[in-house]
Amino acid sequence: MSLLRVAAKSLLVLLLSAPLIAPSFAEQRAWLYPPPPGITIGNGAPRHALMMQANTQVNPIYLRQVVRYDTQERSGTLVVDTRSHFLYFVLGGGRALRYGIGVAKSGFEWRGTHQITNKREWPDWTPPAEMLQRRPELPRHMAGGVDNPLGARAMYIGSTLYRIHGTTEPWSIGQDVSSGCIRMTNADVIDLYDRVKLYTKVVVLS
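Cut-offs used in this document
Residues numbered from 1 in each chain as written. Predicted model: local features only at pLDDT ≥ 70, side-chain atom pairs only at ≥ 80, totals over all residues. Heavy atoms only, no water. Salt bridge = Lys/Arg side-chain N within 4 Å of Asp/Glu carboxyl O. Helix = DSSP H or I, 4+ residues; strand = E, 2+ residues; numbered from the N terminus. Buried < 20%, exposed > 50% of the residue type's maximum accessible area, 1.4 Å probe, protein only. Pairing = 2+ DSSP bridges. Contact = heavy atoms within 4.5 Å. Axes fitted to C-alpha atoms, helices over the stretch in contact; angles between N-to-C directions. Core = buried A, V, L, I, M, F, W, Y, C linked by side-chain atoms within 4.5 Å.

**Examining the pattern of salt bridges**
If you walk through the whole model with that rule in mind, you get eight salt bridges. The shortest N-O distance in the salt bridge between R64 and D188 comes to 2.5 Å. Here the residue R64 occupies a position in the loop between α1 (3-30) and β1 (65-68), and D188 occupies one in helix α3 (residues 186-195), the gap between them amounting to 124 residues. Each member of the pair R64 and D188 is classed as buried. Through salt bridges with shared partners, one network takes in R64, D188, D191 and R195.

So, in structure tokens, the structure goes:
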């Protein structure tokens, strides 16, 4: 077989295999954050709600997972660790379901113990007067939906103006970005919303 025919055959094999290679390359390029070492990413749906959820826009350390967590708080309590950017749903027995969160930017930090006093699915958003003074370009009211900054769910904290809510900016999880509210991915806030009852205790640590 001539060298020309060998080269042509090799080129044909490469071209035929390209469609098989391309999706794998494209899939790798889609990951802003790769999965943690030793984690296999599957195509099937999670078998239960506590399985780690892959998210290409969230650092793997902030993915939802059960962790060891020693606390005196009773099961069902929410503990918000703003320094570490984690929210813990206490399970008891030294365990908690941990979520990654976005928290207040510098100058807007707060702490305290409150309760969940209201819950809303796809909530409307009315920016408070203080926020409108800082950012007059914001809308005065925005109906709930996929473009609403509060995301898919909101849980209102006591008599404060603050909420635990979803976000249209999942890449902001793990950062100090808000005016005091606690941000979660929409997948995580839906999961938490279904676990949390009205008057659940919320402990916000500074």
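**Quick notes on unusual backbone geometry**
Phi at H85 takes a positive value of approximately 65 degrees, unusual for a residue other than glycine. On the secondary structure map, H85 appears in the loop between β2 (78-81) and β3 (86-92). The exposure class of H85 is buried, given its relative accessible area of 10%. Positive phi values are uncommon outside glycine, yet Y199 reaches one of about 70 degrees.

**So, the sheet that holds strand β7 (residues 153-157)**
Overall, mixed pairing links the nine strands, which are arranged β1-β4-β3-β2-β11-β6-β7-β8-β10 in an open sheet. Looking at strand neighbours, the two that pair on one side only are β1 and β10 (182-183), the edges of this open sheet. Pairing geometry for β1 and strand β4 (residues 95-100), over four bridges, is antiparallel. Along β4, the bridge assignment pairs V67 with A96. Strands in contact with α3 are β2, β3, β4, β6 (112-121), β7 and β8 (163-165); relative to β7, the strand with the most contacts, it is inclined by about 55 degrees.

**Let's talk about the environment of W125**
Looking at where W125 falls in the secondary structure, it is placed in the loop between β6 and α2 (129-134). In the structure, W125 is positioned 26 residues away from G151 in sequence and 9.7 Å away in space, judged by C-alpha atoms.

**Comments concerning α3**
Every buried residue of α3 is listed here: D188, V189, D191, L192 and Y193. Contact partners of the buried residues in α3: β2, β3, β4, β6, β7 and β8.

**Brief notes about the nonpolar core**
L78, L87, I116, M155, I164 and L192 are the most contacted members of the largest nonpolar core, which totals 21 residues. For this core, the secondary structure elements donating two or more residues are β2, β3, β4, β7, α3 and β11 (201-205). Of the residues forming this core, the biggest block, three residues, is contributed by α3. When near neighbours in sequence (up to four residues on either side) are disregarded, M155 contacts I116, N118, K119, R163, I164, V189, L192, Y193 and V196. Within the second largest apolar cluster, eleven residues are counted, among which are Y62, Y69, V79 and F86.

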